[in-house]
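If you want the building blocks of each chain, they are given just below.
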Amino acid sequence: MPDDIRPATPEDAEAIASIYAPFVRYTAISFETEVPDVREIRRRMSRAISWLVSERGDSTVGYAYAAPLRSRAAYAWSVEVSVYISEPVRGSGVGGALLDALLRLLSDRGFVNAFAGTTLPNAASVALFESRGFRPTGTEQEVGFKLGSWHDVGWWQRRLQAATVPPPQLTK
């Protein structure tokens, strides 16, 4: 059955929180140590640049979002992207479809660069980002401590469009 990808709404926050919770509780993929509640997910959604969900049948099976890379004005054309997929459908193409849709949307809106950070090792995330044209830019070594270990974070970048002078107009 094909997945339906659409913009997320506040009503999706409960499903998003459910997908995200195991990453917080049981892995170092997220450096959060407390699972955010539905109200916090809604707050994050309201501050994001774009948030998409993927549905299979009546179930939300994944989400992807873009957030500002940094708060200073000169970074306005660069975003950080994240993708989270529910365990039963990982490896089935949901992550790639979500990321493709998000990158098209960001490019259409005028963004120039997309960045992705991932806790290492994480072969699935690295493969996902590199399969979509992201290139490694560096590694922060032993930057996070979770679940009894220090963890590295690798960073990847993908150019969405040419960096022009003046920069493109960003649209909503």
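A brief report on the enclosed structure follows. (Residues numbered from 1 in each chain as written. Predicted model: local features only at pLDDT ≥ 70, side-chain atom pairs only at ≥ 80, totals over all residues. Heavy atoms only, no water.)

**A short note on the pairing of strand β4 (residues 78–85)**
Right, so step 1: Burial within β4 is extensive, with 7 of its 8 residues counted as buried.
Right, so step 2: Strand direction decides the pairing type here: strand β3 (residues 59–68) and β4, joined by 7 bridges, are antiparallel. Bridge pairing in β4 places A67 opposite E80.
Right, so step 3: Tracing the backbone out of β4, into helix α3 (residues 94–108) and back to the parallel element strand β5 (residues 113–120) gives a crossover that is right-handed. (Buried < 20%, exposed > 50% of the residue type's maximum accessible area, 1.4 Å probe, protein only. Helix = DSSP H or I, 4+ residues; strand = E, 2+ residues; numbered from the N terminus. Pairing = 2+ DSSP bridges. Right-handed = clockwise from strand over helix to strand, strands pointing away.)

**Some words on the packing of aromatic side chains**
Right, so step 1: Inspection of every chain in the model, using the stated rule, returns 8 aromatic pairs.
Right, so step 2: Each ring, one from W51 and one from Y65, has its centre 4.4 Å from the other, and the planes form 15 degrees; the classification is stacked. With W51 in strand β2 (residues 50–56) and Y65 in strand β3, the pair connects residues that are 14 residues apart, well separated along the chain. Each member of the pair, W51 as well as Y65, carries the same accessibility label: buried.
Right, so step 3: When the ring of F129 is compared with that of F134, the centres are 5.2 Å apart and the planes differ by 65 degrees; the resulting orientation is edge-to-face.
Right, so step 4: Accessibility expressed as a relative area gives 5% for F129, which makes it buried.
Right, so step 5: For F134, a relative accessible area of 0% puts it in the buried group.
Right, so step 6: Connected via pairs of aromatic rings, a cluster forms that spans Y20, F23, W51, Y63, Y65 and Y84. (Phe/Tyr/Trp six-rings, centres within 6.5 Å; stacked < 30°, edge-to-face > 60°.)

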